[in-house]
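A structural walkthrough
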Amino acid sequence: MKWIAFVLLLVPGWLTPSLRAQDPLLTTDRAPTPTQHRVVPAAAYPTYGVYEAILYELARRYPDRCRVEVWGTLPSGRRILALKLTQGIRQERARPQVLCTAAMHGDELAGYWVLLRLAEDLLTNDEGGLLEQTVIYINPLANPDGAYAAGDYSLAAARRGNANGVDLNRNYPDPDDGRFPDGNAHQPETRIFMRAAERRSFDLGINFHGGAELFNYPWDTFRTRHPDTDWWRKVSREFAQRAQHDGPGGTYFKDRSNGVTNGHDWYPIAGSRQDYMNYYHRTREATVEITNAKRLPAAELPTLWTSIRRALLGYLREATYGIHGTVTDRVTGRPVLAHLTIPGHDQMQSSVYSSAAFGDFYRYLAPGTYRLQVSAPGYRSRSLIVTLADKQRRYLHVVLERDSDLVPARKK
Ligand SMILES: [Zn+2]
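Residues numbered from 1 in each chain as written. Predicted model: local features only at pLDDT ≥ 70, side-chain atom pairs only at ≥ 80, totals over all residues.

1. Looking at the overall build of the protein
Per the secondary structure count, the protein includes twelve helices and 17 strands. Compactness check: the protein gives a C-alpha radius of gyration of 22 Å against a globular reference of 22 Å for 412 residues, within 12% of the reference. In terms of its C-alpha atoms, the protein occupies a principal-axis envelope of roughly 90 × 45 × 40 Å. Pairs at least 24 residues apart make up 68% of the contacts formed inside the protein by residues separated by at least 6 positions. (Helix = DSSP H or I, 4+ residues; strand = E, 2+ residues; numbered from the N terminus. Rg over C-alpha atoms; globule rule 2.2 N^0.38 Å. Contact = placed C-beta atoms within 7 Å.)

In structure tokens:
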């Protein structure tokens, strides 16, 4: 109460119809100014307009490593936006692509603020050099119509579904239950995300939810384990351990099996984004529930940030480990779109592809020795044995020969 009064005295312009001292989901509609030290409010959710202004202000301040991407506009006029962060953003380069997204359930709000905070943190203090080594896409608000159901100035009526009341985390094509698993047409938000995933090749992803405190890894729809479950267990355990260590009072992030669960073990669902991304796009994307309270009071956001920061950065760093490489054509040196598979290990679309643009690929695996088979139409396949330790990156440059290169020239 005292703090609010202080703030109002200081900045009378903050007073909006929605800003009530009683509202734990405090929203600020103070637009960022060029002279402010920090753009993201320290302990408040932004209004919708301020949310957009924050993204554009970050891009304006850090033009060499930050850009706003408009992924789509909803019928309401609100937009699905993402920040693209990478050092030297004007030049496309071969780097692993990471997706961070939050609040597809519009009332699970903490992740929305956490991802804004993450963006500013990476831009101002990228101590680990993540932006040198990866491209990070940050979509803080995946369901703006659900979050701002009461209007652009208030989160008071934030709700799970979108404007049509559809649960977006049941609305994706499902590898087991078909293209329309919930019986609804793909919602505008779903179509926007599907298009974003088709146009980029996300290698690693994290999708923040609320209502529990745990790291949920694939699958949701299959009882069968994901072939990379050893890797999932390792990264999810590390995430939980860091969050437990940094959270207050030793009580944070302990749901289910000490903060970790397989999706299907927790409760099977069809049409989840996690399964869609892992199966159809081969992105290692996890669903991470970061707060027991869905509508986390704004005053608790700073503590949440200190609890989860290291866990989150540690997970993002996983994008820089594993088997990385490029596939090129022996004669032309051009990149080759190749299929990289580990025979006897891969199934259910767990193998990966190299990109057509750079021929680069990224495969995240638990420590071990693997036989990686590289194949592409018209080329002779190759097999490589790779041994990988924990937190290690192995870089492979794979050169493929065309089938025709091997045929001896015919005499005339
Ligand atoms: Zn959720």
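Don't stop here, the text continues.
2. Details of helix 11 (residues 301-317)
End to end, helix 11 covers 23 Å across 17 residues, agreeing with the expected 24 Å (1.5 Å per residue, within 8%). At Ile308, helix 11 is deflected by roughly 45°, the largest bend along its length. Every buried residue of helix 11 is accounted for by Leu301, Leu304, Trp305, Ser307, Ile308, Ala311, Leu312, Tyr315 and Leu316. (Expected span 1.5 Å × (residues − 1). Bend = angle between axes of the 7 residues up to and from the residue. Buried ≥ 20, exposed ≤ 12 C-beta atoms within 10 Å, placed from the backbone.)

3. Quick word on the sheet that holds strand 10 (residues 284-291)
Strand order in this open sheet of eight strands is 3-4-6-5-7-10-8-9, and the pairing throughout is mixed. Of all the strands in the sheet, the pair left with one neighbour each is strand 3 (66-73) and strand 9 (260-262). Strand-to-strand twist across the sheet, computed as the mean angle between neighbouring axes with direction ignored, equals 20°. Note: strand 3 against strand 4 (residues 79-85), seven bridges, orientation antiparallel. Looking across to strand 4, one finds that Gly72 is bridged to Ile80. Where helix 3 (residues 110-124) meets the sheet, it contacts strand 3, strand 4, strand 5 (97-102), strand 6 (135-139), strand 7 (204-209) and strand 10, and its direction lies at approximately 140° from that of strand 5. (Pairing = 2+ DSSP bridges. Axes fitted to C-alpha atoms, helices over the stretch in contact; angles between N-to-C directions.)

4. Points about unusual backbone geometry
Omega for the peptide link from Pro218 to Trp219 comes to 0°, which places this bond in the cis form. The phi dihedral of Arg256 is positive, around 50°, even though this residue is not glycine. One can find Arg256 in helix 8 (residues 255-258). Residue Arg256 is classed as partly exposed on the basis of its C-beta count, with 17 C-beta atoms lying within 10 Å. One non-glycine residue, Met348, adopts positive backbone phi at about 50°. By C-beta crowding, Met348 is classed as partly exposed, having 16 other C-beta atoms within 10 Å.

5. Describing the nonpolar core
Most often, soluble globular proteins have nonpolar side chains that are buried together. Of all hydrophobic cores here, the largest spans 106 residues; its most connected members are Val98, Leu109, Val114, Leu115, Ile136 and Ile138. The element contributing the most residues to this core is helix 3, with nine residues. Viewed by domain, this core spans two of them, domain 1 (2-320) and domain 2 (323-406), each represented by three or more residues. When neighbours within four sequence positions are excluded, Val98 is seen to be in contact with Thr134, Val135, Ile136, Tyr137, Phe202, Asp203, Leu204, Gly205, Leu316 and Ala319. (Core = buried A, V, L, I, M, F, W, Y, C linked by C-beta atoms within 7 Å. Domains from an automatic or database assignment.)

6. With respect to the environment of Leu155
Tracing the sequence through the fold places Leu155 in the loop between helix 5 (144-147) and helix 6 (188-199). Sequence spacing of Leu155 and Arg380 is 225 residues, and the spatial spacing of their C-alpha atoms is 57 Å.

7. A few points about the domain arrangement of the protein
Considered domain by domain, the protein is made up of domain 1 (2-320) and domain 2 (323-406). The centre of domain 1, based on its C-alpha atoms, is set 31 Å off from the matching centre of domain 2. If one sorts the elements of the side of domain 1 that touches domain 2 by residue count, helix 7 (residues 229-246) sits on top with three residues. Tallied by class, the residues present in the side of domain 1 that touches domain 2 amount to six nonpolar, three polar and seven charged. (Nonpolar A, V, L, I, M, F, W, Y, C, P; charged D, E, K, R; others polar.)

8. Re the packing of helix 3 against helix 11
Each pair of packed helices can be described by the angle between their axes along with the distance between the axes. In the contact formed by helix 3 and helix 11, the axes pass within 10 Å of each other and the chain directions differ by 65°. In the crossing of helix 3 with helix 11, the sense of the turn from one axis to the other is right-handed. Only Leu301, Leu304, Trp305, Ile308 and Leu312 of helix 11 make contact with helix 3, whose side of the interface consists of Ala110, Trp113, Val114, Arg117 and Leu118. Residue composition of the contact of helix 3 with helix 11, grouped by class: nine nonpolar, no polar and one charged. (Left-handed = near helix turned anticlockwise from the far one by under 90°.)

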